[in-house]
Amino acid sequence: MRTSQYILATLKETPSDAEIISHQLMLRAGMIRKLASGLYTWLPSGLKVLRKVENIVREEMNKAGAIEMLMPIIQPADLWQESGRWEQFGPELLRINDRHNRPFALGPTHEEVITEFVRKEISSYKQLPINLYQIQTKVRDEVRPRFGVMRAREFTMKDAYSFHLSEECLNETYKKMHQAYCNVFERLGLDYRPVIADTGSIGGSVSHEFHVLAESGEDAIAFSSESDYAANIEKAEAVAPSIERPAPSKELNRFDTPNARTIEELKQQHGVKPHRGVKTLIAYGAPNENEERGLVALVVRGDHELNELKAEKLALVDSPLEFATEEDIVKATGAKPGSLGPVGLNMPIIVDRSAAVMADFVAGANEDGVHYSGINFDRDVTDYVVEDIRNVVEGDASPCGKGVLNIKRGIEVGHIFQLGTKYSEAMKAGVLAESGKNQIMTMGCYGIGVSRIVAAAIEQNHDQYGIKWPTALAPFELAIVPMNMHKSHRIPEIAEKLYADLQAAGIDILFDDRKERPGVMFNDMELVGVPHTLVIGERNLDNNQVEYKNRITGEKELIDLDKAVEVLLNHVKG
RNA sequence: CGGCGUUUAGCGCAGCUUGGUAGCGCACUUGGUUUGGGUCCAAGGGGUCGCAGGUUCAAAUCCUGCAACGCCGACCA
């Protein structure tokens, strides 16, 4: 490709609304442009990268025995009503009406459509197991789209769905997909980790996420220092402390704290160390038979954070978790947030495991501007239950029993689920089993965020000059940079010849034939991230040589003109 | 949804306090100059100042409403 006939669209300046490096570089390198919030146009070089990711995913899926198909983006509402997700999914499901005013959804995922397809087409156990996938545009009306294509409202996803007669069979396919995903991320050249995950709105039991490690990641992942245990922090169990609770040694003592409403203020004004106090968060409880929600107190150590996901899974707590308004808190406790505590609290109290082993601790007195010290469970607080409701922190014991936890940030690029019969049951998708009886199928589903991978790859592979594409993803393999071509007779001649010969040798080339200064060309090629560059200039031609540069290693090499094709082929394809 | 902020040329921004016919840099066009890391000079094209209403002789500037975009959102207990 010649730059003069291409849309290179590189930018010198960074658009101000791009927060993270991959978003900035994708805009600057001319890969994407924003159309509206969370909606992006893919320019030619961006699309080339996207297609490369797609193809690797496609090849590995095919290798693992999955079969590609394509389903509509627009899906009839009644399918979603059948699965129950028309109500459940919330505003993230973008809904539209057709000209007859019939309701449809723009597909955020395709469990309903595939289940509808399979229940009609597959009728015998002999046709199972089967694993069907597609690579397609998905629509999710995100609350807050951000980071460019990282969290967009329209994005490319590979979604696969498998159908089975038994759990064991599902398990086998699940393992195969797990392996296929590892293969994909290996081939993409990314630093990634599979982690134990929550199933979220998709549902099911067993689930793993695949994360590309990056500081800008929106998820935190906990790893064991000693084993290969890794889990999303929202799912990582905070194991019960191995210590016994010390016996009370202090009396309950009221003290005035007129200006201390936070853990930090308690520390600064009254010397209370955060791990010697607890915070009491008040959320709404699960509705009773009259649909009334009471309040429930969640008590965690002062230096810990509540894990909302763990909390809302408890029977006492309403799901999704919702914190009580100040008004409701004052009505129930007589105090405002900032002076709350478990002593004398008239509502169910859930105490985190780590808070439950504390003795002589500090908490609010449920009276504005007053705290207690010397609080002890069973003496001062009698009616409570102990649960795991906090986020793990660095240094916690690993739930696997070996080592301690480290925490890193990751970008979720893949997610696999054992769905079980959640959708097949609701939509009555069964086959005739060997016994001659109808049997509901067991399902798995497997997603990869194809467009997100493009951004994640840049987060992991860039420098001050631009993108450093892994070989498998680069939009072009080789850049030809002829210097001051218009001033020379032999440079255009040689550049054209090498362009033709190298193309014939199967190399994907970006030939910079613009009438630009060398610096401009070098900067653009480095920004776009072309891994190999061939520089043709008068200086080296005097010795019958051209120059090779490697974007990743920075290595430079002078090559004799008559060996150029051979040597370059070796660098690019070798 | 709540809080905060932004909106002036394709991009990045100034101008607004104190109202008087809209500017800078980059990009783009033309000519010249330069040429191994984002040359320099000159001449140009491009904006109903987010939208609607109001105040005023006069509004990018002051007032009201709306919208779009962006950042943050248990961590306060």
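For the structure itself, look to the data block above.
Residues numbered from 1 in each chain as written. Chains lettered and ligands numbered in written order. Predicted model: local features only at pLDDT ≥ 70, side-chain atom pairs only at ≥ 80, totals over all residues. Heavy atoms only, no water.

Can you help me understand the overall build of chain A in this one?
Each helix and strand counted, chain A has 16 helices and 30 strands in total. Dimensions of chain A, computed from the C-alpha atoms along their principal axes, are close to 95 × 70 × 50 Å. Looking at chain A as a whole, 52% of its 574 residues are labelled buried. Counting contacts in chain A only where the partners sit at least 6 residues apart, residues at least 24 apart contribute 68% of the total. In chain A, 66 positive and 85 negative side-chain charges are present, and the distance between their average locations comes to 4 Å. (Helix = DSSP H or I, 4+ residues; strand = E, 2+ residues; numbered from the N terminus. Buried < 20%, exposed > 50% of the residue type's maximum accessible area, 1.4 Å probe, protein only. Contact = heavy atoms within 4.5 Å. Lys, Arg positive; Asp, Glu negative; His and termini not counted. Charge placed at Lys NZ, Arg CZ, Asp CG, Glu CD.)

Honestly, unusual backbone geometry in this entry has me stumped. Any pointers?
The bulk of non-glycine residues show a negative phi, and the bulk of peptide bonds are trans. In this chain, L128 is followed by P129 through a cis amide linkage whose omega measures -5°. Residue position: P129 is located in the loop between helix 5 (111–121) and strand 7 (130–139). Positioned with a positive phi, D360 is a non-glycine residue whose angle comes to about 50°. Here the phi dihedral of N544 falls at roughly 60°; this positive angle occurs in a residue that is not glycine.

How should the protein's contact with RNA strand B be read in this particular structure?
The local shell around RNA strand B holds 46 residues, among which T262, I263, P337, E547 and K549 are the closest. Each atom of RNA strand B within 4 Å of the protein belongs either to a base or to sugar and phosphate, the latter forming 47%. At 2.9 Å from a phosphate oxygen of RNA strand B is found a side-chain nitrogen or oxygen belonging to S37. Broken down by secondary-structure element, the contributors of at least two residues to the surface near RNA strand B are helix 7 (263–270), strand 14 (278–284), helix 14 (518–528), helix 15 (538–541) and strand 29 (545–550). Top element by residues in the surface near RNA strand B is helix 14. It accounts for 7 residues. Here the residues of the surface near RNA strand B sort into 14 nonpolar, 13 polar and 19 charged. (Near = heavy atom within 4 Å. Polar contact = N/O pair within 3.5 Å; in protein donor to acceptor, adjacent residues only side chain to side chain. Nonpolar A, V, L, I, M, F, W, Y, C, P; charged D, E, K, R; others polar.)

Would you mind showing me how to read empty space enclosed by the protein here?
It is the rolling of a water-molecule-sized probe over the atoms that shows where space remains empty. Taken as a whole, this structure holds 2 cavities of 30 Å³ or more when the rule is applied. The volume enclosed by the largest cavity comes to roughly 70 Å³. The wall of the largest cavity is formed by F147, M150, R151, S216, G217, E218, D219, G410, I411, E412 and R452. Of the residues contributing to the lining of the largest cavity, the split by class is 3 nonpolar, 3 polar and 5 charged. Its boundaries defined by the atoms lining it, the second largest cavity holds a volume of some 40 Å³. For the second largest cavity, the full set of lining residues is T471, A474, E477, P531, H532 and V572. (1 Å grid on protein atoms, 1.4 Å probe; cavity = no way out; pocket = protein on both sides within 12 Å on 5 of 7 lines; lining within 4 Å. Points joined across faces, edges and corners; volume = space filled by probe spheres on them.)

Help me understand the side chain of S207 in this model?
One can find S207 in strand 10 (residues 207–213). One polar contact links S207 to H415, side chain to side chain, over a distance of 2.6 Å. If near-sequence neighbours (up to four positions away) are discounted, S207 is found in contact with Y174, V195, I196, A197, D198, T199, H415, I416 and F417.

What am I meant to see in the layout of surface pockets here?
The space that makes up the second largest pocket amounts to roughly 310 Å³. Along the wall of the second largest pocket there are 20 residues; nearest its centre are R261, K279, T280, P337 and G338. When contributions to the lining of the second largest pocket are tallied by element, the ones reaching two or more residues are helix 7, strand 14 and strand 17 (361–367). The element that contributes the greatest number of residues to the lining of the second largest pocket is strand 14, accounting for 5 residues.

I tried to follow the sheet that holds strand 6 (residues 103–106) on my own but got confused; where do I start?
Remark on secondary structure: sheet strands pair via backbone hydrogen bonds, oriented parallel or antiparallel. Pairing is antiparallel across the open sheet formed by 3 strands, whose spatial order is 4-6-5. A strand with exactly one partner marks an edge of an open sheet, and here the two such strands are strand 4 (74–76) and strand 5 (94–97). Geometrically, the sheet is characterised by an average inter-axis angle of 40° between neighbouring strands, direction not taken into account. Pairing analysis gives 4 bridges linking strand 5 to strand 6, with the strands arranged antiparallel. Directly across from N97, in strand 6, lies its bridge partner P103. (Pairing = 2+ DSSP bridges. Axes fitted to C-alpha atoms, helices over the stretch in contact; angles between N-to-C directions.)

So what exactly am I meant to see when it comes to the packing of aromatic side chains here?
For the coordinates displayed, the defined rule picks out 10 aromatic pairs. Centroid distance Y6 to F476: 5.5 Å. Interplanar angle 75°. Geometry classified as edge-to-face. A residue pair is termed long-range when its members are at least 10 positions apart, and Y6 in the segment before helix 1 (21–28) and F476 in the loop between strand 25 (466–467) and strand 26 (478–482) qualify at 470 residues. A single burial state applies to Y6 and to F476, both of which are buried. Centre to centre, the rings of F185 and Y192 are 5.5 Å apart; their planes meet at 40°, and the pair counts as tilted. With a relative accessible area of 12%, Y192 lands in the buried category. Through a chain of ring-to-ring contacts, three or more aromatic side chains come together here, namely Y181, F185, Y192 and F210. Between the NZ or CZ atom of R95 and the centre of the ring of W86, over which it lies, the distance is 4.6 Å. (Phe/Tyr/Trp six-rings, centres within 6.5 Å; stacked < 30°, edge-to-face > 60°. Lys NZ or Arg CZ within 6 Å of the ring centre and 35° of its normal.)

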